[in-house]
Amino acid sequence: MNLGKRTTAEFLGTFWLVFGGCGSAVIAAAFPGLGIAFVGVALAFGLTVLTMAFAIGHISGCHLNPAVTAGLVSGNRFPAREFLPYVVAQVMGAFAAAAVLFVIARGKAGFSLAGGFASNGYGLHSPGGYSASACFVAEVVLTLFFLIIIMGATDRRAPQGFAPIAIGLGLTLIHLIGIPVTNLSVNPARSTGPALFVGGWALRQLWMFWVAPLIGGVLGGLLYRLVFAEPVAQVEAGRAPALTAAKA
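Residues numbered from 1 in each chain as written. Predicted model: local features only at pLDDT ≥ 70, side-chain atom pairs only at ≥ 80, totals over all residues. Heavy atoms only, no water.

Participant: Lay out the overall build of the chain with the relevant residues and their values.
Facilitator: Secondary structure assignment for the chain yields ten helices and zero strands. The helix and strand sequence of the chain, counted from the amino end, reads α-α-α-α-α-α-α-α-α-α. A globule of 248 residues ought to have a C-alpha radius of gyration of about 18 Å, and the chain, at 18 Å, matches this closely. A burial count over the chain gives 50% of its 248 residues as buried. Excluding contacts between residues fewer than 6 apart, the proportion of contacts in the chain whose partners are at least 24 apart in sequence is 78%. With an accessible surface of roughly 11200 Å², the chain has 72% of that area assigned to carbon and sulfur atoms. Within the chain, the 6 negative side-chain charges are centred at a point lying 8 Å from the centre of the 13 positive side-chain charges. (Helix = DSSP H or I, 4+ residues; strand = E, 2+ residues; numbered from the N terminus. Rg over C-alpha atoms; globule rule 2.2 N^0.38 Å. Buried < 20%, exposed > 50% of the residue type's maximum accessible area, 1.4 Å probe, protein only. Contact = heavy atoms within 4.5 Å. Areas by Shrake-Rupley, 256 points an atom, 1.4 Å probe, with all protein chains shown as cover. Lys, Arg positive; Asp, Glu negative; His and termini not counted. Charge placed at Lys NZ, Arg CZ, Asp CG, Glu CD.)

Participant: Mind laying out the packing of helix α5 (residues 132-153) against helix α9 (residues 208-227), listing which residues take part and the relevant values?
Facilitator: Orientation of α5 relative to α9, taken along the N-to-C sense of each, is 40°, at an axis distance of 7 Å. By the angle between their axes, α5 is oblique relative to α9. Where α5 crosses over α9, the handedness of that crossing is right-handed. For the contact of α5 with α9, the per-class residue count stands at 17 nonpolar, six polar and one charged. (Axes fitted to C-alpha atoms, helices over the stretch in contact; angles between N-to-C directions. Parallel < 35°, antiparallel > 145°, perpendicular 65-115°, else oblique. Left-handed = near helix turned anticlockwise from the far one by under 90°. Nonpolar A, V, L, I, M, F, W, Y, C, P; charged D, E, K, R; others polar.)

Participant: Talk me through the side chain of histidine 175; I want residue IDs and the actual numbers.
Facilitator: Locating histidine 175 in the fold gives a position in helix α6 (residues 163-182). For histidine 175, a relative accessible area of 1% translates into the label buried. In this structure histidine 175 touches Ala42, Phe45 and Leu184, once residues within four positions along its chain are discounted.

Participant: Describe a nonpolar patch on the surface, naming the residues involved and giving the relevant values.
Facilitator: Taken together, the side chains of Val39, Leu43, Leu47, Leu173, Leu176 and Ile177 present a nonpolar region at the surface, about 550 Å² in accessible area. Counting residues per element, the ones that place at least two in the nonpolar patch are α2 (37-60) and α6. Within the secondary structure, valine 39 sits in helix α2. (Patch = residues over 30% accessible without salt bridge, like charges linked within 9 Å, V, L, I, M, F, W, Y side chains within 5 Å. Salt bridge = Lys/Arg side-chain N within 4 Å of Asp/Glu carboxyl O.)

Participant: Kindly report on the side chain of glutamine 90, identifying the contributing residues and their values.
Facilitator: Mapped onto the secondary structure, glutamine 90 falls in helix α4 (residues 83-105). On the accessibility criterion, glutamine 90 (0% relative accessible area) is buried. Setting aside residues up to four positions removed in sequence, glutamine 90 forms contacts with Glu10, Thr14, His63, Leu64, Asn65, Pro66, Thr69 and Ala189.

Participant: I'd like to hear about the confidence of the model for the chain, residue by residue, with values.
Facilitator: Taken as a whole, the chain shows an average pLDDT of 94; of its residues, 93% reach a score of 70 or greater. Of the regions scoring below 50 in pLDDT, residues 239-248 engages in 15 contacts with residues more than four places distant in sequence or in other chains. (pLDDT = per-residue confidence, 0-100.)

Participant: Give me the lowdown on the packing of aromatic side chains, citing residues and values where you can.
Facilitator: Applying the stated criterion across every chain yields a total of eleven aromatic pairs. Between tyrosine 224 and phenylalanine 228, the ring centres sit 5.4 Å apart and the planes meet at 55°, which makes this aromatic pair tilted. Aromatic rings pair up to connect Phe95, Phe102, Phe111, Phe117 and Phe197 into one cluster. (Phe/Tyr/Trp six-rings, centres within 6.5 Å; stacked < 30°, edge-to-face > 60°.)

Participant: Lay out the nonpolar core with the relevant residues and their values.
Facilitator: The biggest cluster of nonpolar side chains holds 47 residues, and the ones touching the most others in it are Leu64, Phe146 and Ile167. Only α1 (3-28), α2, α3 (66-74), α4, α5, α6, α7 (188-198) and α8 (200-204) provide two or more residues apiece to this core. Here the element with the most residues in this core is α5; it accounts for eight residues. Apart from the residues within four sequence positions on either side, leucine 64 is in contact with Glu10, Gly13, Thr14, Leu17, Val49, Met52, Ile56, Gln90 and Asn187. Counting eight residues, the second largest nonpolar core, distinct from the first, contains Tyr122, Cys135, Ala138 and Ala212. (Core = buried A, V, L, I, M, F, W, Y, C linked by side-chain atoms within 4.5 Å.)

Shown next as structure tokens:
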């Protein structure tokens, strides 16, 4: 699959992640009497990744996240030369999703961006009032483990065909832990889309939701590669058909 088709898949997949995940937070989380709350939002994010992994995993690898792409590069699962095109597609998809969500959300009387529009934040803008240092650590650690889940679930030694389930449920668990801390990012594209509409504090704090997830992603990919990857000789001795970028 050529790069153009793969980046288109990344655009659409990231659109779905932001529209589904942030949309559930903006539209459904606090719906009177029936709100889905933190658990529902966590499931929504997990389900967006699970469904897209089955839909486009065989096309682009279904990264949907600059931190995942960076982690797969550091883990030797993805070519560094394609990092930037993937990230551009992901950020564009996130922005497009936030734009559509904004059009829908403002159709209700009383809607205001002052509610945060599912943006990520720390300190006064952390849902639980967590400090900047606590939020930074949380984003690094949760992204690191997300990469370990992705690297392990897509390893050729892992049970085949179940990776989207493990990755989707992994993202759900990560949200259950992290929503009270930062509104949970682990994804710079997901953070950028809503922040561009909120502006102000959301843009000023956006640096953390690029730096911390990218650090966590790179560390997670490196850790799996250095500690758990098969020795090259063993891989060559019993090689099945080579993993494609879609299965990386």
